[in-house]
Amino acid sequence: MGVVFGLLWLFTGLLQGVHGQGVYAPPTVRIVHSGQACNVEEERYSERVYTIKEGETLELQCLVTGHPRPQIRWTKTAGGASDRESSLHNETLRIENINRHQGGRYYCKAENGLGSPAIRSIRVDVYYLDDPVITIHQSVGEAKEQFYFERTVFLRCVANSNPPVHYTWRRGREVLSQGSDSGVEIYEPFFTQGETKILKLKNLRPQDYADYTCFSSVRNVCGIEDKSAHFTLSNRTAPPSIKLLLDDPLVVNPGETITLVCVASGGEPHPSLKWMRPDGQQLPKRSVVKGGTLTIPAVAIDDGGVYSCVGSNNVGNPAKKTTTILVRGLRKGRFWITPDPYHNDDNIQIGREVKISCQVEATPPEELQFSWLKNGRPLRSSERMVITHTDTDVSPGTTNLDIIDLKFTDFGTYTCVASLRNGGTPEISIDVNISSTTVPPELTIPRGRSHLITQEGDTVDLQCLVSGKPKPIILWSRVEESGVAAAAAATALMPDGSIQTESYDGILRISNVTREMSGTYRCQTSQYNGFNVKPREALIQLVVQFPPAVEPVHTEIRQALGRAFSLTCRLLRAHPARLLRYEWKLGTRLLTVGQFSDQRDDTNYHVRALNREGYGEYTCDITNEAGAGRCTFLVTGKAYPPEFYYDTYSALWQNRPRVYGFKLQWTQMEPNAVDRILAYRLGIRQMGQSRWWEQEIPMEGTIQKGELLTYNLTELIKPESYLVRLTPITRYGEGDSTERIITYSGRLSREFQCGFEDEALCLFSQDKNDVFDWTRHSAATRDTKYTPNTGPSSDHTGSKQGFYMYIETSRPRLEGDTARLLSPTFNSKSSPVSNNPTYCFAFYYHMYGKHIGALNIFLRQKGQAVTDTLVWSLTGNQGDRWCQAKVNIHPTTAFQMVIEGVRGSGIEGDIAIDDVTIEEGECKDPPPNSDLSSFLTKFYSY
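Reading guide: rules and limits
Residues numbered from 1 in each chain as written. Predicted model: local features only at pLDDT ≥ 70, side-chain atom pairs only at ≥ 80, totals over all residues. Heavy atoms only, no water. Helix = DSSP H or I, 4+ residues; strand = E, 2+ residues; numbered from the N terminus. Buried < 20%, exposed > 50% of the residue type's maximum accessible area, 1.4 Å probe, protein only. Areas by Shrake-Rupley, 256 points an atom, 1.4 Å probe, with all protein chains shown as cover. Phe/Tyr/Trp six-rings, centres within 6.5 Å; stacked < 30°, edge-to-face > 60°. Core = buried A, V, L, I, M, F, W, Y, C linked by side-chain atoms within 4.5 Å. Pairing = 2+ DSSP bridges. Disulfide = S-S within 2.5 Å. Axes fitted to C-alpha atoms, helices over the stretch in contact; angles between N-to-C directions. Polar contact = N/O pair within 3.5 Å; in protein donor to acceptor, adjacent residues only side chain to side chain. Contact = heavy atoms within 4.5 Å. Salt bridge = Lys/Arg side-chain N within 4 Å of Asp/Glu carboxyl O. pLDDT = per-residue confidence, 0-100.

## Points about the overall build of the chain
Next, step 1: When helices and strands are counted, the chain shows one helix and 75 strands.
Next, step 2: When the 942 residues of the chain are sorted by exposure, 47% land in the buried category.
Next, step 3: For the chain, the computed accessible surface area is about 47500 Å², with 47% contributed by carbon and sulfur atoms.

Right, dumping it as structure tokens:
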């Protein structure tokens, strides 16, 4: 519940500070809901379950406490390890038109750098009911074309739903139930989910030919109406059968329009037809489907493949027919020359054998045909010119020309021509020259280019010179490193992200080279479009130099005048890493220079006493041959920004009918880092307007870390919102500003409230003169191992996550020991009617255990002397329950409430309190029950 300061009479002054431990607190979080929930309930371990109808709007709000203001993040997982996580940085999670897949567990996480992050979750259960579907089946082994007499028939009704669906069957107007008809059974197989859904008709009878209706229901949960499906069973009812009116496979030319026709040849009811491709592939985008006809205009090679027509009428199993579309085409023409394999020589020589191979991928492969030309004239197979082809079932297709006993007259240009027997696509021609100049390739690296040094960001060319005729394609790849780095280098890719890169001129150009591209590169000859011999290869070492990488690249340092401090610039990596120099500057003024030793990787600059001239930008440049890395330090005396305090609940109060006030609270971030803060500049602007109103708030003394500062804003016009800006001022000048928006909520509190949910305890404090302290706790974390028969099992609302205050009476506590909890100090409000205004002090207490001592309430008034007056008291075991007490008080000056717990005779004497309120006016409807008989007419508890 936190704390609510509602009225002006509750403020002790215009500007006040709260000292001690301060108000810094780790975050707490709770999730509240709005929108269109069907139900919200608590589950085990206090997880909340939010039920919503599909299509409605989900709205969850994450309410946080903690100071500084926590950062909020919503995340969602559906519960499985493979589920993707989504996140939202906002207090409110809103999903319009929610669908079933968006159900799951939603987490709100709040963190502010103090303690552990606070996390709460809520499970969203999306309810829905789809239209049911009735399917008809015969018993296994009895399926026929039609449903004859003396056959067992199953009518199955299925509807996707959440929660599980309840099914009801009707035959005509007759409701079918188990036992109502000896020829009918209604049951649920063990392998299905949900309730009864299968209707079994045993030994089909004439009266079983009828209209059947399946009603599906989720019992009107979330207002979801029942749904139904109908089916007419007759002696003509039969599963679907279909046929394709086309050739299989269907071979077509590119660019043609093809039509696939699928028709139903049987089945009652008449089957519906659908075309599809395997593995979830989509039909071509330009295709048109009309009934069982699929039309694909301007067919392309990528459109080839398997197409299936599926016919379904919910009777038996769907019927499926499949065809294959083959789009004629020729691709990837290649050749290679193989010298005489019987001699250990890669060269072509007169009198020896040489083979020319040609390879092409064809669709369909059986239509592929090859022909050979020599110098443009047809060439036929002979004893010396042997032409062979691979089997048509092998793809890609290959043809070989073996030249036996090569002669000088065999030199010339040989052409391999690939085509399809039925045409439809252009042929592919590959020329291969055989002559005295046809020699195998050789690879060399230009002089001085095997070890290249470049700098990051440059463009570098890696070159391999290839000789020979014909010149083969050059393949570039990276070489796996040996040793420790082998595993990482084994997956090293080329600069374009591929494993291998082709080059036709032997040059690999790398633009904007990076340090990750350092390493060894291999160039080698390809087997294709060249000699079929052992690949030639060469290696090139690439070294990429880069300037030093340093940290911090940029940082801000806030310092007060007269203090000493040091600046450190660290070297992370550099290449080359030798002869590194550093240079420190303040602005343009050189401070110091030096050189790194082999043992150090950082450099420091010390300032003994900061003066005004010492403020500014310090730079440290660390340089090598490739350039410089720079650390930048901005040394300033600016104060850090204030931190607005958002946990002042109901900080609004009513001034006059059209005017309201707001209690603005904040702490100062790191107040001791810079000179003392002299004042704050307060700026306020009405939202929607451009004019700012400003004033200074002077500060006396030194602000402590965690000290809560307060300033009351008055004369705010209802119902306008305002943007507030707060800027700290030191002798250095203005510091960093912080802004927040103040919104008029229309709910002005006339009471102080505290539920102890915040670690700041609503500014309650422990009395330093008692024996021991009250403890903040929740039932979820409290250990009852040693005292199980005392203390509460939840806070007063029943939540195990909620907090309360209690006294722990276990050892070393002794009988009569006291613990006192002090409320904040309030100013008593003067009244024109009475000088003694009345307030109602109310709280919940839990006094359970056989050793319960006493719970006392004192009114402490701070006049010329401090006086404590006992206003309420209760002793002894009151049972394992929370009770509320109310008491009227009549302070005449500034006052506090003192809550005293007294230890009883043993360890089973824990006393707890929760939800304290102070409200203007007398207590309403308080039934009397108090140990103070003299106060019975004024003080009450129940």
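## Overview of the packing of aromatic side chains
Next, step 1: All told, the structure shown has 17 aromatic pairs when counted by the stated rule.
Next, step 2: Taking the centre distance of 5.3 Å and the plane angle of 75 degrees together, the rings of Trp666 and Tyr680 count as edge-to-face. Residue Trp666 is found in strand β57 (residues 659-668), and its partner Tyr680 is found in strand β58 (residues 679-686); the two are separated by 14 residues along the sequence.
Next, step 3: Given the relative accessible area of 0%, Trp666 is considered buried.
Next, step 4: The class for Tyr680 is buried, based on a relative accessible area of 0%.

## Topic: unusual backbone geometry
Next, step 1: Omega for the bond connecting Glu551 with Pro552 falls within 30 degrees of zero, at 0 degrees, which places this linkage in the cis form.
Next, step 2: By secondary structure assignment, the location of Pro552 is in the loop between β46 (537-551) and β47 (554-558).
Next, step 3: In the segment running from His575 into Pro576, the intervening peptide bond is cis, with an omega of 0 degrees.
Next, step 4: Among the secondary structure elements, Pro576 is positioned in the loop between β48 (565-575) and β49 (581-586).
Next, step 5: The backbone of Lys332 shows a phi angle near 55 degrees, a positive value even though the residue is not glycine.

## A closer look at the nonpolar core
Next, step 1: Membership of the largest hydrophobic core comes to 36 residues, with the highest contact counts inside it found for Phe764, Phe841, Leu855 and Ile899.
Next, step 2: The element that contributes the greatest number of residues to this core is strand β69 (residues 839-847), accounting for five residues.

## Examining the sheet that holds strand β29 (residues 329-339)
Next, step 1: Strand order in this open sheet of five strands is β33-β34-β30-β29-β45, and the pairing throughout is mixed. Two strands close off the open sheet at either side, each with one partner strand: β33 (385-389) and β45 (530-531).
Next, step 2: Taken together, the two bridges between β29 and β45 define a ladder with parallel strand orientation. If you follow Trp336 over to β45, its bridge partner there is Gly530.

## Re the state of the cysteines
Next, step 1: Under the defined criterion, the tally for this structure stands at seven disulfides.
Next, step 2: Each disulfide pairs two cysteine sulfurs, and for Cys262 the partner residue is Cys309, the sulfurs being separated by 2.1 Å. Residues Cys262 and Cys309 share a disulfide whose torsion about the S-S bond is about -75 degrees; that sign makes it left-handed. Residue Cys262 is found in strand β23 (residues 258-268), and its partner Cys309 is found in strand β27 (residues 305-312); the two are separated by 47 residues along the sequence. Here the two residues Cys262 and Cys309 agree in accessibility, since each one is buried.
Next, step 3: Note on cysteine connectivity: Cys464 is disulfide-linked to Cys523, with sulfurs 1.8 Å apart. With the S-S bond torsion at -85 degrees, the cross-link from Cys464 to Cys523 turns out left-handed. Of this pair, Cys464 sits in the loop between β39 (460-463) and β40 (465-469) while Cys523 sits in strand β44 (residues 519-525); the two residues are 59 residues apart in sequence, bridging distant segments of the chain.
Next, step 4: Residue classification places Cys523 among the buried positions, given a relative accessible area of 0%.
Next, step 5: Cys620 carries a free sulfur, and the closest cysteine sulfur to it, the one in Cys569, is 3.8 Å from it.

## Some thoughts on the sheet that holds β27
Each strand in a sheet pairs with its neighbour through backbone hydrogen bonds, running either in the same direction (parallel) or in the opposite one (antiparallel).
Next, step 1: Ordered in space as β22-β28-β27-β24, the four strands form an open sheet in which the pairing is mixed. Only two strands of the sheet have a single partner each, and these edge strands are β22 (250-252) and β24 (272-276). Going across the sheet, the axis of each strand differs from the next one's by a mean of 25 degrees, ignoring polarity.

## A few points about the side chain of Thr213
Next, step 1: Along the chain, the position of Thr213 falls in strand β19 (residues 211-217).
Next, step 2: Of the polar contacts made by the side chain of Thr213, one reaches the side chain of His230; its length is 3.0 Å.

## Description of the environment of Gly876
Next, step 1: Mapped onto the secondary structure, Gly876 falls in the loop between β71 (866-875) and β72 (883-889).
Next, step 2: With relative accessibility at 21%, the residue Gly876 sits in the partly exposed group.
Next, step 3: In sequence terms Gly876 and Ile852 are 24 residues apart; their C-alpha atoms lie 5.0 Å from each other.

## Details of the pairing of strand β38 (residues 451-455)
Next, step 1: With burial as the criterion, only one face of β38 is covered, namely that bearing Leu452 and Thr454; the residues His451, Ile453 and Gln455 on the opposite face remain uncovered.
Next, step 2: Taken together, the five bridges between β38 and β46 define a ladder with parallel strand orientation. Pairing of His451 across the sheet is with Gln541, part of β46.

## Looking at the environment of Pro548
Next, step 1: Counting through the fold element by element, Pro548 comes out in strand β46.
Next, step 2: Owing to a relative accessible area of 6%, Pro548 belongs among the buried residues under this scheme.
Next, step 3: Taking the C-alpha atoms as reference points, Pro548 and Leu572, 24 residues apart in sequence, are found 7.3 Å from one another.
Next, step 4: Apart from the residues lying within four places of it in its own chain, the contact partners of Pro548 are Leu571, Arg573, Ala574, Leu580, Ile622, Thr623, Asn624, Gly627, Ala628 and Gly629.

## So, the side chain of Asp675
Next, step 1: Tracing the chain through its elements places Asp675 in the loop between β57 and β58.
Next, step 2: Polar side-chain contacts of Asp675 include one of 3.5 Å to the backbone nitrogen of Leu561.
Next, step 3: Among residues more than four places away in sequence, those in contact with Asp675 are Ala560, Leu561, Tyr615, Thr730 and Arg731.

## Thoughts on the pairing of strand β70 (residues 854-862)
Side-chain direction in a regular strand flips from residue to residue, so the side chains alternate between the two faces of the sheet.
Next, step 1: In terms of residue burial, β70 counts as a mostly covered element, since eight of its nine residues are buried.
Next, step 2: When β70 meets β71, the two strands line up antiparallel, connected through nine bridges. What sits directly across from Leu859, in β71, is Thr869.
Next, step 3: If you look at the hairpin formed by β70 and β71, you'll find three residues sitting between the two strands.
Next, step 4: Strand direction decides the pairing type here: β70 and strand β73 (residues 895-902), joined by eight bridges, are antiparallel. If you follow Ile857 over to β73, its bridge partner there is Ile899.

## Remarks on the pattern of salt bridges
Next, step 1: Taken as a whole and judged by the stated rule, the model has 42 salt bridges.
Next, step 2: In this structure, Glu696 and Arg681 form a salt bridge, with 3.0 Å as the shortest nitrogen-oxygen distance. Of this pair, Glu696 sits in strand β59 (residues 693-698) while Arg681 sits in strand β58, placing them 15 residues apart in sequence.
Next, step 3: Given the relative accessible area of 45%, Glu696 is considered partly exposed.
Next, step 4: Shared partners join several salt bridges into a network, and the residues in it are Arg681, Glu694, Glu696, Arg725, Glu734 and Glu739.

## A closer look at the confidence of the model for the chain
Next, step 1: On average, residues of the chain score 85 in pLDDT, and 87% of them are at 70 or above.
Next, step 2: For the chain, the element scoring lowest by mean pLDDT is strand β75 (residues 939-941), at 33; strand β61 (residues 722-730) scores highest, at 97.
Next, step 3: Counting contacts from residues 484-490, a segment whose pLDDT is below 50, to residues more than four positions away or on other chains yields four contacts.
Next, step 4: Low pLDDT, under 50, characterises residues 927-942; the stretch is placed with 41 contacts to residues that sit more than four places away or in other chains.

## Notes on the environment of Leu678
Next, step 1: Along the polypeptide, Leu678 turns up in the loop between β57 and β58.
Next, step 2: On the basis of relative accessible area, Leu678 is assigned to the partly exposed category, the value being 37%.
Next, step 3: Note: C-alpha distance between Leu678 and Glu696 (18 residues apart in sequence) is 9.8 Å.

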